[in-house]
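So the chains spell out like this:
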Amino acid sequence: MLRCRYIDKLNQTASGIINKVNTQHMAGYDQDGNIGGVFFEKTLEAKHMAVSSTIVADTRKIAASSTLNADGGNATAMTAIKDDKMYASLSQILVTVGTGNAVGQINNIGQVFKDTVSDITLVRGATSSAWTINNNGGYTSLKILSADNTCVALDLNDNGSADITLNLAGNWTTGDTLKFSLSKQDSTTTIGGYYSAFMARVGQDVAGSATALEREQTIAAQNSAQREALSGVSLDEEMLNLIKYQMAYNAASRVTGIVSELMDTMIAIGE
Amino acid sequence: MICRVAENMKYFVLTSSLSRVQVKSASLMEKMSTQKNINRPSDDPVGAGKILNYSSKITAIEQYQNNITNAETWLSLTDTTLSSIRDLISEALGIAVSQSGAVASNETMDSSAEVLSGVIDSAMALMNTKQGDSYIFGGSRTDVAPFSLNSKATTIGVAAGMATNVFDGAVTSGGTYTGTQEKTYAVKIINSGAFGTATCKISNDGGKTWSDTPSVVPATGILSLGEGITMTFAAGTKDLTTNDVFTLKASLASTISSASAAVVNTFDGTVVSGGNYTGAENKAYAIKIINGGALAAATYQISSDGGRTWGATKTNLSAPVTLGEGVTITFTAGTQNLAANDLFTVNAYTAGYYQGNDDSLIVQVGKNNNFIYNITGSDAFTAANGPSVTAAISNPAALTVEDTITLARGDSAGSWAITNHDQYPDMVITSMSDTQITIDADNDTTPDITLTLSDGKWQKGNTVSFTIMEGGTPLSPVLSSVEVEGPGTVDLLGTLNALKSALEAHDIKAVSAQIDDLQDLQTQVLQAQTKTGSKSASLKIVNTGLTALNEQITSMKSDIEDADLDKLIISYQMEQIALEASYNLAAQIGKMTILDYLR
């Protein structure tokens, strides 16, 4: 469970980097004056993060220029991504037509890589699974992954993962409309900040488990000490007991000797 | 409370305390051997987070410093190049001075022209200096040589007569301009008469100076003005009359490159550029397809800054599309439709030799601190973006005689002085600011002429001159166009080429006419050099700041991360003592039993 959460965080960091760098890269021009393609291969998992094979094969395809004139402007813009805020938050979801209500959540913040230019608008068709996108708000690859009575899952960049889920409540009918936007907030952190917070969290978890281990070990020691106190053997004690019983034995055998002597004496007198 | 100590317990306590001591000393050993307090995040989660933060700051600072080093290399190359170019200008100035004197002969002029063409070649090479793969004077257009040896195209403007002229026939311009600079030609009639008898004087500087001897207007009406230009008069009802003035402007023309399509485009039809570029600086226009389709259906966006920013999405490419400022592009369908992201570009050049642009090259030298490290060729070597002035008459009654007025600028915007006002002895400046100068011609406190100055770029040594022309009736005077001279207004290659053609034509007057321009050029290039120097200086300051910041952050990081060996050794020694005590205890513990005391 814990491991799963860490992988999620790492994947989100990677997604954040991949999406932002790709978006910026595609706004620039390569050395041949062509519009830049993707810089990183599209992937959901951090372990599969890799520079696009097209670029590896031909480094002229790196879109470092912000104009067709081969300046270095886009490279500068890409280096500035590290100072760019990472989170985008989901605005309150407005139900403009219909009586139901909806609450949304972002499942992978790394996939939210730009503010929406206008509200994302979804309209319900005749059935609960028939939602359509009326306005993609600038996320041109926006897709509805699944929809039913209680939940609509959205994929922001066409990679098959549910990046945003909208939980629906109430009654929904044909033509009902949902509206929301994604926006960056000043209080949010950069990709680097997100990663270092994540790393500190992992450290805290490890340190916490180490402390817990120590605590449990102490308790275990305490318990076994108590158990030993009850059931254990103390050599000194046993030795002293031994001496005690030896003394008793000695005394008893001395009594026996004396009785035997008495008997002998008695017998001698009788003869 | 344990009230009974069993033997097992003794050994258990002994082993666990021994292992505890050993774990502690092992961790101390690790800290000592790595010299770091934090070897994994769990050692100090908060500290580890801070370290990561500091590390990324340090990496960023190192990157900024690398950027600064690169920019400094660029600037020092710019500086030495500018200084070499200044030497070449001095050489050209030397030639101009020596060849405009009495000792000049056709032979010396010819040989000087040879020398000068060498100077031009070297200047050209220097202006196209490269740092790595980038031309340093091309603005952001670093992949194309910014200067070409020949001016690209010329135009001759429409010939116009003064409104006050008596002559009522038509006048037209013609020919191909062979000059290398923008010039305003003027023809003034000296003696009235029909074609073949009327005489005129010709000026090639907008009416400031006139040819010494009048020439006859040919019977054909076709008058040759020089440098390939002709002015053709067609007879009207009235003859050419004394003081009739006709002007035309000959200039270097702007050009538009042929449209080019990106190699990866899907579209295989043809694209053709056209129109007359009216912009003030070189630009790269681009057109990008947003939604593909046939010409009429596809949607597109236009950029006028080489693709950095894009305009609104539009539709229909079946008719010629105006990219802006007179540039058009026309698509003809091929077998493949337009597809999204197909890209087409057209370069538009203003008149002259410059093919770069006015963009800045920017590098990050700090967070949110973008530094411009280039000097554009247009700033240093051309008249583009130079100062300009428009003049207007506010009180015609005061301007009664023809005269050429010249003003010179001192150190500051408030230090203009009138240096030439022969016919107006009482002329004074009534007010002057960064943007406006008002002149009172007869010192009656009423401003008579208003000069409006363009923004910025004014330097000490700039002069402004214009001619008051008496337009027939005494109370309707007109002003000639205003000539601005001095640093910032001279085109380097144009001036050198003009000097060369003057030498080749053995025209002493034309040679000496270039001396002023060459002197201004020296100042102009020197100013560019000063700018380079101040850029270098401010980079050094930024760099010093970054080094100090780096030191500070490194020490803050070190405080958290690095182990204090003295402390570690002391704690290690304490642990050693504890360990020894534990061992001793362990060795002793077996010996101590009640048996020892039972004898």
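Please read all numbers here as calculations on a predicted model, not as lab measurements.

Conventions adopted
- Residues numbered from 1 in each chain as written.
- Chains lettered and ligands numbered in written order.
- Predicted model: local features only at pLDDT ≥ 70, side-chain atom pairs only at ≥ 80, totals over all residues.
- Helix = DSSP H or I, 4+ residues; strand = E, 2+ residues; numbered from the N terminus.
- Contact = placed C-beta atoms within 7 Å.
- Pairing = 2+ DSSP bridges.
- Axes fitted to C-alpha atoms, helices over the stretch in contact; angles between N-to-C directions.
- Domains from an automatic or database assignment.
- Parallel < 35°, antiparallel > 145°, perpendicular 65-115°, else oblique.
- Left-handed = near helix turned anticlockwise from the far one by under 90°.
- Nonpolar A, V, L, I, M, F, W, Y, C, P; charged D, E, K, R; others polar.
- pLDDT = per-residue confidence, 0-100.
- Expected span 1.5 Å × (residues − 1).
- Buried ≥ 20, exposed ≤ 12 C-beta atoms within 10 Å, placed from the backbone.
- Arc of directions from axis to C-beta.

Trainee: I'd like to hear about the overall build of chain A, residue by residue, with values.
Mentor: Scanning chain A from N- to C-terminus turns up five helices and 10 strands. Considering only intrachain contacts with a sequence separation of at least 6, the fraction spanning at least 24 residues in chain A is 58%.

Trainee: Go over unusual backbone geometry, please, and point to the residues and values.
Mentor: Residue and element names in this part refer to chain B. For Gln35, which is not glycine, the phi dihedral falls at a positive 60°. With respect to the helices and strands, the residue Gln35 is situated in the loop between helix H1 (7-34) and helix H2 (45-99). A positive phi is found at Asn341, a non-glycine position, where the angle reads about 70°. The topology assignment puts Asn341 in the loop between strand S19 (327-332) and strand S20 (343-349).

Trainee: Tell me about the sheet that holds strand S14 (residues 270-275) of chain B, and please be specific about residues and values.
Mentor: Residues and elements named next belong to chain B. Reading across the sheet, the three strands line up as S14-S19-S18 and stay open at both edges, with antiparallel pairing between neighbours. Both outer strands of the open sheet, S14 and strand S18 (321-324), are each paired with one neighbouring strand and no more. This sheet shows a mean twist of 30° between the axes of neighbouring strands, independent of strand direction. The pairing of S14 with S19 spans six bridges and is antiparallel. Along S19, the bridge assignment pairs Gly275 with Val327.

Trainee: So what about the domain arrangement of chain B? Which residues, and what values?
Mentor: The domain boundaries assigned to chain B delineate domain 1 (154-253), domain 2 (256-349) and domain 3 (387-485). Taking only C-alpha atoms, the centre of domain 1 of chain B and the centre of domain 2 of chain B are 42 Å apart.

Trainee: Residues and numbers for the packing of helix H4 (residues 191-231) of chain A against H1(B), please.
Mentor: At a closest axis distance of 9 Å, the pairing of H4(A) and H1(B) adopts a crossing angle of 160°. Classified by the angle between their axes, H4(A) and H1(B) sit roughly antiparallel to one another. H4(A) and H1(B) meet at a crossing whose hand is left-handed. Contacts between H4(A) and H1(B) involve Ala221(A), Ser224(A), Ala225(A) and Glu228(A) on the former and, on the latter, Asn8(B), Met9(B), Phe12(B) and Ser16(B). Its residues assigned to classes, the contact of H4(A) with H1(B) comprises four nonpolar, three polar and one charged.

Trainee: So what's going on with the sheet that holds strand S7 (residues 151-155) of chain A? Which residues, and what values?
Mentor: All names here are of chain A. The strand order S3-S8-S7-S6 describes an open sheet built from four strands, whose pairing is antiparallel. If you trace the sheet from one side to the other, it starts and ends with strand S3 (101-106) and strand S6 (143-147), each paired once. Taking each pair of neighbouring strands and ignoring which way they run, the sheet shows an average axis angle of 20°. The pairing of S7 with strand S8 (residues 164-169) spans four bridges and is antiparallel. Pairing of Ala153 across the sheet is with Thr165, part of S8.

Trainee: Account for the environment of Ala319(B), naming residues and giving values.
Mentor: Relative to the helices and strands, Ala319(B) is located in the loop between strand S17 (314-315) and S18. The spatial distance from the C-alpha of Ala319(B) to the C-alpha of Thr330(B) is 6.7 Å, given a sequence separation of 11 residues.

Trainee: Quick one: what's the story with the packing of H2(B) against helix H3 (residues 106-127) of chain B, residue by residue and with numbers?
Mentor: All names here are of chain B. Axis separation between H2 and H3 bottoms out at 10 Å; the angle between their running directions is 165°. With respect to H3, the axis of H2 lies roughly antiparallel. The chirality of how H2 crosses H3 is left-handed. Touching Thr81, Ser84, Ile85, Leu88, Glu91, Ala92, Ile95 and Gln99 of H2 are Thr108, Met109, Ser112, Val115, Leu116, Val119, Ser122, Ala123, Leu126 and Met127, all from H3. Looking at the contact of H2 with H3 residue by residue, the class counts come to 11 nonpolar, six polar and one charged.

Trainee: Provide a residue-level description of the interface of chain A and chain B, including the pertinent values.
Mentor: Taken together, the contact between chain A and chain B spans 39 residues of the former and 45 residues of the latter. Where the side of chain A that touches chain B is concerned, the elements lending two or more residues are helix H3 (73-79), H4 and helix H5 (235-270) of chain A. Here the side of chain A that touches chain B gets 17 residues from one element, more than from any other, and that element is H4(A).

Trainee: Requested: an account of the confidence of the model for chain A, with residues and values cited.
Mentor: Here chain A averages 84 in pLDDT, while 97% of its residues score no lower than 70. The secondary structure element of chain A with the lowest average pLDDT is strand S1 (residues 88-90) of chain A, at 70, and the one with the highest is helix H2 (residues 53-57) of chain A, at 91.

Trainee: Give a detailed account of the pairing of strand S5 (residues 131-135) of chain A, specifying residues and quantitative values.
Mentor: Residue and element names in this part refer to chain A. Pairing between strand S4 (residues 120-124) and S5: four bridges, direction antiparallel. From the neighbouring strand, Leu122 faces S5, where its bridge partner is Ile133. Linking S4 to S5, which pair antiparallel, is a turn of six residues.

Trainee: If you had to explain H3(B) to someone new, which residues and values would you point to?
Mentor: Residue and element names in this part refer to chain B. Here H3 contains 22 residues, and its C-alpha end-to-end distance of 31 Å stays within 8% of the 32 Å for a straight helix at 1.5 Å per residue. Residues Met109, Ser112, Leu116, Val119, Ala123 and Met127 constitute the buried set of H3. End-on view of H3: buried residues confined to an arc of 75°, all on one side of the axis. In H3, the exposed positions that point more than 90 degrees away from the buried face belong to Glu107, Asp110, Gly118 and Asp121. On its buried face, H3 is in contact with H2, helix H4 (377-381) and helix H5 (492-504).

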